[in-house]
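A closer look at the structure
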Amino acid sequence: MEPVLSIQNITKNYGPIQALKNVSFDVPAGSVFGILGPNGSGKTTMLGIILDILIADAGTYSWFGGMQKDAARKQIGSLLETPNFYHYMPAIDNLEITASIRQAGLDDRNRVLQLIGLAERKDSKFQTFSLGMKQRLAIGAALLGRPKVLVLDEPTNGLDPAGIAEIRSLIKTLNKEGITIVIASHLLDEIEKVCTHVAILKKGTLLLDGPVNDVLRCVDQIEVRAADLLQLQNILQKMNGINKIQLADNSLLLTCAPGVIPEQVNSFCSNRGLVLSHLVLKKKSLETKFMELTS
Amino acid sequence: MKELIAIEWMKIRRYRTFWVLTGLFLLLLPIWNIEVAYGFINLGGGKNGVNFLSTAYSFPEVWGNVGFWGSIFVLFLSILVIIITTNEYTYKTNRQNVIDGWSRLDFYHAKVLLVFIISTAATAYMFLLGFTFGLINSGSAANVFSELHQVGYFFLLSLDYLGFALFLSIWIKRSGLAIGLFLLYSFIIENIAKSIINHWTDLPVGNLMPLQTSDELLPFPLMQMAKTMIGQGPTISMNVYAGVTVFWCAAYYFSGKMILAKRDW
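Residues numbered from 1 in each chain as written. Chains lettered and ligands numbered in written order. Predicted model: local features only at pLDDT ≥ 70, side-chain atom pairs only at ≥ 80, totals over all residues. Heavy atoms only, no water.

1. Comments concerning the interface of chain B and chain A
Of the residues lining the interface, 27 residues belong to chain B; the matching set on chain A comes to 30 residues. A buried area of about 2700 Å², summed over both sides, lies between chain B and chain A, and 52% of it is on carbon and sulfur atoms. Taken together, the links from chain B to chain A amount to 7 salt bridges. Across the salt bridge formed by D93 of chain A and R13 of chain B, the nearest N and O atoms sit 3.9 Å from each other. Along the contact surface separating chain B from chain A lie 18 residue pairs in polar contact (both at pLDDT 80 or more). (Contact = heavy atoms within 4.5 Å. Buried area = accessible area lost by both parts, 1.4 Å probe. Salt bridge = Lys/Arg side-chain N within 4 Å of Asp/Glu carboxyl O. Polar contact = N/O pair within 3.5 Å; in protein donor to acceptor, adjacent residues only side chain to side chain.)

As structure tokens, then:
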């Protein structure tokens with residue numbers, strides 16, 4: 001299937017600072033695509049470029065296989081950086097402007113206000129809203145006219161835990177309805193829980209991209225110890241499915257092929273007359289993986 | 001185009017500053033003219049002051065007179081244009097408009113249309129005031145339309161001032177700085193530059209500067225008289241001033257467009 005968004009060799013400089021360096025990736029239709037990276041890695045710059053508010057120094061992008069860009073944006077619901085609304089206007093009137101620009105029906109405003117839980121505050125001015133309410137309104141505005149694609153920059157910013165969970169389940173529900181979602185975040189948790197695909201940026205360079213299970217696959221490690229470490233190492237070198245053996249702190253750290261479980265290591269050693277004094281399965285956390293990738 | 005105007009209207013109809021400044025323009029302009037017409041504002045002050053200006057409230061001079069005072073009150077509207085435009089930058093709603101599907105040019109054209117609409121409305125109001133004052137003070141409807149082109153001049157002047165205000169706002173983005181520079185330029189910088197140019201060239205070409213050229217279309221009513229009395233040097237015809245005003249308006253439009261197309265938002 002044709003990608004919803006295709007990014008080719010995008011480069012962007014702010015004076016001497018290179019915000020994006022030759023970044024290319026595709027966002028497959030129907031995915032929840034996470035753009036992950038630490039602060040200042042170029043996530044928002046990337047979203048700004050694909051939404052036409054920043055101008056790339058080099059490279060191209062195309063929506064829906066090359067649709068005219070203004071027309072494409074009318075079919076994309078976006079929340080970039082902060083909620084931007086007319087502060088002196090009530091929520092309902094702010095949504096009127098969004099709906100009119102997007103050429104969506106005005107009736108859709110009430111559905112959206114219900115969805116984000118602001119129906120009762122629809123006549124309050126935007127400037128009276130709390131940070132979380134502003135964020136909700138921005139998400140609501142993005143949903144006006146049932147867009148095919150949502151672009152969300154740190155969508156859970158400013159929300160309380162209940163709000164975060166709500167947005168998460170909303171994203172999943174919308175994705176099931178066939179909406180493609182692009183999320184930029186520095187919150188690993190967020191990406192891990194909702195994304196099907198991910199691109200990892202670091203200082204403007206694309207490190208990795210692809211299905212989340214490939215990119216963020218966590219390889220488990222097994223830690224073993226025995227009285228005679230040298231003998232243990234010799235034995236384990238003969239075992240199938242062990243890719244790497246590292247010596248660390250008086251024990252051996254085994255990087256295994258998928259499917260190798262600690263019991264197999266134990267029985268392999270005892271069959272060869274060696275008793276293990278220590279056997280632990282070490283799960284590598286996503287955070288460790290992320291730190292490894294980005295530092 | 002209708003759509004752009006409709007959305008621009010949504011933006012300002014609930015904006016209190018818009019109504020306050022527009023209301024003050026609508027209220028203060030006739031009050032000021034009444035004061036001038038009936039000698040409240042005069043030379044020397046008080047009830048015995050010399051009233052030079054009130055004579056100019058009958059047809060056809062009334063057009064030039066109301067037009068001149070109106071041209072000063074256009075400052076209200078210029079500041080309004082600056083506030084409305086720079087607000088978009090302050091609250092990043094210009095970005096949101098584009099994110100939601102407008103092109104940058106849509107955003108710009110909505111504001112350009114607003115400038116046209118405010119200029120047209122102000123001109124219609126100036127016509128109404130001139131017509132009313134003229135009828136009251138002339139006693140007859142003779143010569144009503146003989147100086148009517150002054151109304152057209154007022155439209156050009158409004159377009160010039162508001163267009164300049166829009167250009168400054170797009171260029172500078174920040175409300176306070178844009179208003180400050182606008183006032184500084186219109187009252188001081190341009191006058192300094194004009195005088196220097198006129199002095200050096202010994203010709204009135206400094207009068208063709210962006211705002212001055214439209215000011216020349218509606219001069220202070222007594223200035224004409226004074227100039228005739230003194231006996232002046234070379235002059236520039238009104239048609240040239242009008243043409244140059246149109247040129248400057250086009251220059252604001254195209255410069256603004258260029259800035260918007262190239263810049264990050």
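2. Some words on the sheet that holds strand β4 (residues 58-63) of chain A
All names here are of chain A. Read from one edge to the other, the open sheet built from 3 strands follows the order β2-β1-β4, with strand pairing classed as antiparallel. Where the open sheet ends on each side, the last strands, each with one partner, are β2 (17-27) and β4. Within the sheet, the average angular offset between the axes of one strand and its neighbour, ignoring direction, is 20°. As paired elements, strand β1 (residues 5-14) and β2 share 7 bridges and run antiparallel to each other. In the sheet register, K12 faces β2, and the bridge partner there is L20. (Pairing = 2+ DSSP bridges. Helix = DSSP H or I, 4+ residues; strand = E, 2+ residues; numbered from the N terminus. Axes fitted to C-alpha atoms, helices over the stretch in contact; angles between N-to-C directions.)

3. Re the packing of helix α3 (residues 91-102) of chain A against helix α4 (residues 108-115) of chain A
A pair of packed helices is characterised by two quantities: the angle between their axes and the separation of those axes. All names here are of chain A. Running from N to C, α3 and α4 point in directions that differ by 125°, and their axes come no closer than 10 Å. Taken together, the axis directions place α3 and α4 in an arrangement best described as oblique. Seen along the crossing, α3 lies across α4 with a hand that is right-handed. Residues I92, L95 and E96 of α3 lie in contact with α4, whose contacting residues are R109, N110 and L113. For the contact of α3 with α4, the class distribution of residues is 3 nonpolar, 1 polar and 2 charged. (Parallel < 35°, antiparallel > 145°, perpendicular 65-115°, else oblique. Left-handed = near helix turned anticlockwise from the far one by under 90°. Nonpolar A, V, L, I, M, F, W, Y, C, P; charged D, E, K, R; others polar.)

4. What to know about the sheet that holds strand β12 (residues 251-256) of chain A
Residue and element names in this part refer to chain A. Here we have 4 strands laid out as an open sheet, ordered β11-β12-β10-β13, and antiparallel in their pairing. In this open sheet, the two strands that pair with only one neighbour each are β11 (242-248) and β13 (278-282). With direction set aside, neighbouring strand axes in the sheet form an average angle of 20°. Summarising the sheet, strand β10 (residues 221-225) and β12 pair through 4 bridges and their orientation is antiparallel. Residue pairing for β12: E223 is matched across the bridge by L253.

5. Re the state of the cysteines
Residues and elements named next belong to chain A. Under the definition given, this model contains 0 disulfides over all chains. Take C269: it sits in no disulfide, and the sulfur closest to it among the cysteines is that of C256, at 11 Å. Judged by its relative accessible area of 0%, C269 falls in the buried class. (Disulfide = S-S within 2.5 Å. Buried < 20%, exposed > 50% of the residue type's maximum accessible area, 1.4 Å probe, protein only.)

6. Examining the nonpolar core
Residues F25, I35, M46, I50 and W63 of chain A are the most contacted members of the largest nonpolar core, which totals 111 residues. Top contributing element to this core by residue count: helix α3 (residues 61-90) of chain B, with 16 residues. If sequence neighbours within four positions are ignored, F25 of chain A has contacts with L5, S6, I7, F33, I35, M46, A199, L206 and D209 of chain A. Among the nonpolar cores identified, the runner-up in size contains 43 residues, and F129, L137, L170 and I171 of chain A belong to it. (Core = buried A, V, L, I, M, F, W, Y, C linked by side-chain atoms within 4.5 Å.)

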